[in-house]
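Each chain, written out:
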Amino acid sequence: MLMAHPAVLQDLIAQYEALALLGAEESTPQARQRLADISYTLCVATGTKDVDMALIAARHRLSGARPEDDSLLRPAVPAPSAPAV
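What you see is a predicted model; the values in this text were computed from it and never measured.

Cut-offs and rules
- Residue numbers here run from 1 along each chain, matching the order of that chain's written sequence.
- With pLDDT at 70 or above as the cut-off, local features in this predicted model cover only qualifying residues; side-chain atom pairs require 80 or more to be listed or tallied, and sums for whole chains, interfaces and linings still use all residues.
- The basis for the side-chain values is all heavy atoms of the structure; hydrogens and waters are excluded.
- Numbered from the N terminus, helices here are DSSP runs of H or I no shorter than four residues, and strands are runs of E no shorter than two.
- The span you would expect from a helix comes to 1.5 Å times its residue count less one.
- The buried label goes to any residue with under 20% of its type's maximum accessible area, the exposed label to any with over 50%, and the partly exposed label to all in between, with areas taken from a 1.4 Å probe on protein chains only.
- Each direction from the helix axis to a C-beta atom contributes to the arc, which is the arc of those directions.
- The criterion used for residue contact is that any of the two residues' heavy atoms lie within 4.5 Å.
- Polar contacts, as used here, are pairs of N or O atoms within 3.5 Å; protein pairs need one atom able to donate a hydrogen and one able to accept it. Residues neighboring in sequence count only if both atoms are side-chain atoms.
- All axes are obtained by fitting lines to C-alpha atoms, using only the stretch in contact for helices, and the reported angles, taken between N-to-C directions, cover 0 to 180 degrees.
- We call two directions roughly parallel when the angle between them is under 35 degrees, roughly antiparallel when it is over 145, roughly perpendicular when it lies between 65 and 115, and oblique otherwise.
- What makes a crossing left-handed is the near helix being turned counterclockwise from the far one by less than a right angle; a clockwise turn instead makes it right-handed.
- Ten residues, namely Ala, Val, Leu, Ile, Met, Phe, Trp, Tyr, Cys and Pro, are considered nonpolar, four, namely Asp, Glu, Lys and Arg, are considered charged, and the remaining ones, Gly among them, are considered polar.
- Scored from 0 to 100, pLDDT records how confident the predictor is in each individual residue.
- Salt bridge, as used here, is a side-chain nitrogen of Lys or Arg placed within 4 Å of a carboxyl oxygen of Asp or Glu.

Moving on: helix H1 (residues 6–21). With 16 residues, H1 extends 22 Å between its outermost C-alpha atoms, agreeing within 8% with the 22 Å of an ideal straight helix rising 1.5 Å per residue. Taken together, the buried positions of H1 are Leu9, Leu12, Ile13, Tyr16 and Leu19. Considered in projection along H1, the buried side chains sweep an arc of 135° and stay on one side of the axis. Among the structural elements, helix H2 (29–46) and helix H3 (51–61) are those in contact with the buried residues of H1. Of the residues one or two after H1, Gly23 is the one with positive phi, at around 75°.

Here's what the structure looks like:
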């Protein structure tokens with residue numbers, strides 16, 4: 001499966017949350033359509049069929065979402081230097 005770039009996921013989450021916060025579901029037809037489009041895109045980007053699961057999956061893929069597995073985010077630990085003679 002193709003994986004969406006974290007920046008794309010972050011943007012989609014932000015757009016979805018903003019539309020939901022503004023009450024797009026009870027707003028104009030254009031706002032409802034935009035919310036539906038963002039929801040669909042989140043589902044496609046995360047390989048899910050439900051927007052709630054898509055949001056969970058998208059947040060899980062963002063950096064820092066899994067602190068126990070951040071090996072790609074931590075700076076390399078320098079090798080210990082040899083003791084002075």
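Another point: H3. Taken together, the buried positions of H3 are occupied by Val51, Ala54, Leu55, Ala57 and Ala58. The buried residues of H3 occupy an angular sector of 170° when the element is viewed end-on, so they sit on one face. Elements that come into contact with the buried residues of H3 comprise H1 and H2. If you check the start of H3, you find a side-chain oxygen 3.1 Å away from the backbone N of Asp52, and it comes from Asp50.

This brings us to the packing of H1 against H3. Closest axis-to-axis distance for the H1/H3 pair is 9 Å, and the angle between their directions is 140°. As judged from the angle between their axes, H1 and H3 are oblique. Two packed elements cross with a definite hand, and for H1 against H3 that hand is left-handed. Note on element contacts: H3 touches H1 through Val51, Leu55, Ala58, Arg59 and Arg61, opposite Pro6, Leu9, Ile13, Tyr16 and Glu17.

Packing of H1 against H2 leaves a shortest axis separation of 10 Å and a crossing angle of 150°. Read as a crossing pair, H1 and H2 show a hand that is left-handed. Residues Leu9, Leu12, Ile13, Gln15, Tyr16, Leu19 and Ala20 of H1 form the contact with H2, whose own contacting residues are Arg34, Leu35, Ile38, Ser39, Thr41, Leu42, Ala45 and Thr46. Among the residues making up the contact of H1 with H2, the classes are represented as ten nonpolar, four polar and one charged.

Summarising the model, the protein shows a mean pLDDT of 81, and 73% of its residues fall at 70 or more. For residues 69–74, every residue scores under 50 in pLDDT, and the model assigns this stretch two contacts once sequence neighbours within four places are set aside.

What follows concerns the pattern of salt bridges. If you walk through the whole model with that rule in mind, you get one salt bridge. Between Arg59 and Glu17 there is a salt bridge, with the nearest N and O atoms lying 2.4 Å from each other. In this pair, Arg59 is assigned in helix H3 and Glu17 in helix H1, connecting sequence segments 42 residues apart.

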